[in-house]
Amino acid sequence: MTSRPDIHGVKVEAPATGTGGVLPDLPHRRKKTPLADRAIDVFLLLFGFFMVLPLLLLIANAFKTPEEMLAWPPTLVPREPTISNFTSVLSSTPLLRWIFNSLAFALSSAIAISVTSAIAGYLMAKFPSRTMSVLFAVILATAIVPFEVYMIPLYFQAQALGILNSLPGLLLGYLVMSFGIFLIRQNVIHSIPDELLEAARIDGAGEIWIFVRVVVPLLRGALGALFVLAFFQAWTAFAWPIIVATTKESYTIEVGLALFQTGFTIDLGRLSAASALVLVPSVTIFIFLRRNLVQGVASTGLKE
Amino acid sequence: MSSVEIENVHKIFGTTHVIRDVSIDVPDGSFVVLVGPSGCGKSTLLRMIAGLEEISAGEIKIGARVINEVQPKHRNIAMVFQNYALYPHMTVAENMGFSLRLARHSKDEIATKVRDAAQILGLSNYLERFPRELSGGQRQRVAMGRAIVRDPEVFLFDEPLSNLDAKLRVQMRAELKEIHGRLKTTTIYVTHDQIEAMTMADKIVVMRDGVVEQLGDPLTLYDRPVNMFVAGFIGSPSINFVGGRIARTDGAAKFLSHSGVRWQVDPRVAEVAGGTPVTYGIRPEHFALATDGESGTLPAVVVTVEPTGAETHVVADIGEDRITAVLRERVSARPGEKIHLRPDPAQAHLFESESTLRIQPSGEAH
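In this text, all values refer to a predicted model and were calculated from it rather than measured experimentally.

Here we come to the overall build of chain B. Each helix and strand in chain B was counted, giving nine helices and 20 strands. If one aligns the C-alpha atoms of chain B with their principal axes, the spans along those axes are about 80 × 45 × 35 Å. Restricting the contact set of chain B to residue pairs at least 6 apart, pairs at least 24 apart contribute 65%. Carbon together with sulfur atoms contributes 47% to the accessible area of chain B, which is approximately 16600 Å² in total. Side-chain charges of chain B comprise 41 positive and 46 negative groups, with the mean position of each set lying 5 Å from the other.

Set out below in structure tokens:
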């Protein structure tokens, strides 16, 4: 679960740095004294700093020698920076392969969940019938069954299908998200009036065209949010990948990182280096998607 | 352009009979307004013409073609919705050209048609904007534009002006009427606003509870309503109703209200009305201010006086019946004061209280 801190780090840091830019635009905030403004800035910066601190220490540790890592007090900037941890990790484990596996898994899962949720959510919102209501209730009901309950049967299913140690095997439980269907259904009900679809039907559009050209563009915000959610759900998944992936080559990064931590020893230096490397793709993707997310949420707020 | 014929149409939702045996003839190029209180089935009927609701029984024809089983997109109609139903993610030009794009017209052709429609509607400077950047009136025009661009056989409007403020509504009303005058496309327009119906329609269809109460040109409906519902629905402030019966004194028939006031009536009507309970109906503008002693005047006790500038609305009690009179003069009477009003018997109607039907004076043309 090493990718957790970076999410929190980025999230908290953003408002801390953003306040300076946003505050002057709000007229009612202007009345406050500059001193109070400054104090709020300082407080938020400090708060942000403490949130990012573990992350900074993790990155710093990756560049430290074993001796310095155990030194007290811990140093934020390594005295003798070394890249031996990185070279060791990259040469002794297929780290890049694991990152690739995780990326492929998370992206495929996010795409699959976005597509299935968009289609199912739209149908359940706009084509109501008795069957749909029952189906929707069943889908919601699946959300209350913990994954651990069907983990083992799912494993046997994967085994029977012969997809252990592969991307399809990893994806088996990650193609549909009941919450996603719920989210999109609510969003469609809330933001797409029937008249819009009727107007398109009269204009001569077919149902698939309506879905692709009218509904999906209007759901951009919700789908963006769902994509991020689904991506990180898969990226941080641990239980299912460790069960279904049994060869070193097929591990995801989460499973791979856990290997540094055995029952008796924790290889701190190499774990830190590996974690620091893992941060690069996940932080990059988050930054990109976050911009998309903010845009999406902002545009759905504009009601016709 | 085409006529629309609605023949014995029914609509049944589950166990509710929403439209009952409605037949309406919409001549080619005419502007027909369906009007009625909410829930009367007018919007459902429009949606059935558009193909958004199935027809339970009966037939709808556009031109010579029965369109009961025809898909909305093949009916060659254009519909303008109350909330405009513009595609929020498309520009004005894309919104207007959407149907042409679906019909695979060439880009140049779409651009030309969109430009022409924008010209008619005064939207030329807004073609690259998004709906959210437009005012309510402009959005309404884009919705119109989307309909015009298609050059359909029939325009369908579903309460298109009810989301606009009062002033803009009056302005758009005139614009719509003017555009219809220019394009001459058969138009069916649904509204609950009787003023919109009166001002725009060639022909008004008054509906209630899924039934056509009366069908006719605006002034016929106003002057000769078939029943108390139509009389009460058309006109603002609405017609006054007084309950009572016809009584003969000294050979002359008069209307005797429940509170004992004698109102003059047209002898041609009184002759037809029997001894059954009747309701006297008179529009507010058919009262005149009078002085005591003139024949046919009635004493009234003023309740409120509302000057509008051009005229004065007086609410007063005649006997125990509260009436509203619209007077040309400015009235200085105060609440509680007594004035004299003279109803014009030639303009008054009598309705059978039980059936609510208007009693037709002998000799009146149908």
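Now that the structure has been shown, the text picks up again.
Turning our attention to the nonpolar core. A general tendency of soluble globular proteins is for nonpolar side chains to be buried together. All names here are of chain B. Ranked by internal contacts, the top residues of the largest apolar core, which has 100 residues, are Ile6, Leu45, Ile60, Leu156 and Ile188. The contact partners of leucine 156, leaving out residues within four places of it in the chain, are Leu46, Ile49, Ala50, Ile77, Ala78, Met79, Val80 and Ile188. In this structure, Tyr84, Leu121, Val149 and Val230 belong to the second largest nonpolar core, which totals 44 residues.

This brings us to the domain arrangement of chain A. Residues and elements named next belong to chain A. Annotation of chain A at the domain level lists domain 1 (34-82) and domain 2 (88-298). Put simply, the middle of domain 1 and the middle of domain 2, counted by C-alpha atoms, are 33 Å apart. Across the contact, six residues belong to domain 1 and seven residues belong to domain 2. Here domain 1 packs against domain 2, burying approximately 510 Å² in sum over the two surfaces, 86% of which is carbon and sulfur. Summed over the shared surface of domain 1 and domain 2, the result is zero salt bridges.

It is worth spelling out the packing of aromatic side chains at this point. All names here are of chain A. Across all of its chains, the model carries 22 aromatic pairs over all chains by this definition. Ring geometry for phenylalanine 49 and phenylalanine 50: centres 5.8 Å apart, planes at 65°, overall edge-to-face. Among the residues examined, phenylalanine 50 registers a relative accessible area of 53% and is labelled exposed. Ring centres of phenylalanine 231 and tryptophan 235 lie 5.8 Å apart, and the angle between their planes is 15°; this geometry places the pair in the stacked category.

Another point: the sheet that holds strand β2 (residues 16-26) of chain B. All names here are of chain B. Judged by pairing direction, the sheet is antiparallel, and its four strands sit side by side in the order β2-β1-β4-β5 without closing on themselves. Each edge of the open sheet is held by one strand with a lone partner, namely β2 and β5 (65-66). With seven bridges connecting them, strand β1 (residues 4-13) and β2 associate as antiparallel partners. Its bridge partner lying in β2, lysine 11 is registered against isoleucine 19. In this fold helix α1 (residues 42-50) packs onto β1, β2 and β4 (57-62), with an angle of close to 115° to the strand it touches most, β1.

Residue and element names in this part refer to chain B. Secondary-structure assignment places threonine 191 in strand β8 (residues 186-191). According to the relative accessible area criterion, threonine 191 is buried, its value standing at 2%. At 3.0 Å, the side chain of threonine 191 forms a polar contact with the side chain of glutamate 196. Setting aside its immediate chain neighbours within four residues, threonine 191 contacts Val33, Leu34, Val35, Gly36, Lys42, Glu159, Glu196 and Ala197.

Turning our eyes to something else, we now look at the pattern of salt bridges. All chains considered together, the criterion is met by 13 salt bridges over all chains. Two residues, arginine 150 of chain B and aspartate 203 of chain A, come together in a salt bridge whose shortest N-O distance is 3.9 Å. Placement of arginine 150 of chain B in the loop between α4 (136-149) and β7 (154-158) and of aspartate 203 of chain A in helix α11 (residues 194-203) is noted, with the two residues assigned to different chains. Between arginine 182 of chain B and glutamate 178 of chain B there is a salt bridge; the shortest N-O distance is 3.3 Å. Here arginine 182 of chain B and its partner glutamate 178 of chain B are both found in helix α5 (residues 166-183), four residues apart, which amounts to about one turn of the helix. The class of arginine 182 of chain B is partly exposed, set by a relative accessible area of 49%. Look at glutamate 178 of chain B and you get partly exposed, because its relative accessible area is 44%.

With that settled, the discussion passes to helix α3 (residues 107-121) of chain B. All names here are of chain B. With 15 residues, α3 ought to run about 21 Å at 1.5 Å a step, and its terminal C-alpha atoms sit 21 Å apart, in line with that. Among the residues of α3, those classed as buried are Ile110, Val114, Ala117, Ala118 and Leu121. Down the axis, α3 shows its buried residues gathered within 100° of arc, on one side only. Exposed residues pointing more than 90 degrees away from the buried face of α3 are listed as Asp108 and Gln119. Those residues of α3 that are buried lie in contact with α2 (92-102), α4 and α5. One or two positions beyond α3, positive phi appears at glycine 122, with a value near 65°.

So, how was this worked out
- Residues numbered from 1 in each chain as written.
- Chains lettered and ligands numbered in written order.
- Predicted model: local features only at pLDDT ≥ 70, side-chain atom pairs only at ≥ 80, totals over all residues.
- Heavy atoms only, no water.
- Helix = DSSP H or I, 4+ residues; strand = E, 2+ residues; numbered from the N terminus.
- Contact = heavy atoms within 4.5 Å.
- Areas by Shrake-Rupley, 256 points an atom, 1.4 Å probe, with all protein chains shown as cover.
- Lys, Arg positive; Asp, Glu negative; His and termini not counted.
- Charge placed at Lys NZ, Arg CZ, Asp CG, Glu CD.
- Core = buried A, V, L, I, M, F, W, Y, C linked by side-chain atoms within 4.5 Å.
- Buried < 20%, exposed > 50% of the residue type's maximum accessible area, 1.4 Å probe, protein only.
- Domains from an automatic or database assignment.
- Buried area = accessible area lost by both parts, 1.4 Å probe.
- Salt bridge = Lys/Arg side-chain N within 4 Å of Asp/Glu carboxyl O.
- Phe/Tyr/Trp six-rings, centres within 6.5 Å; stacked < 30°, edge-to-face > 60°.
- Pairing = 2+ DSSP bridges.
- Axes fitted to C-alpha atoms, helices over the stretch in contact; angles between N-to-C directions.
- Polar contact = N/O pair within 3.5 Å; in protein donor to acceptor, adjacent residues only side chain to side chain.
- Expected span 1.5 Å × (residues − 1).
- Arc of directions from axis to C-beta.

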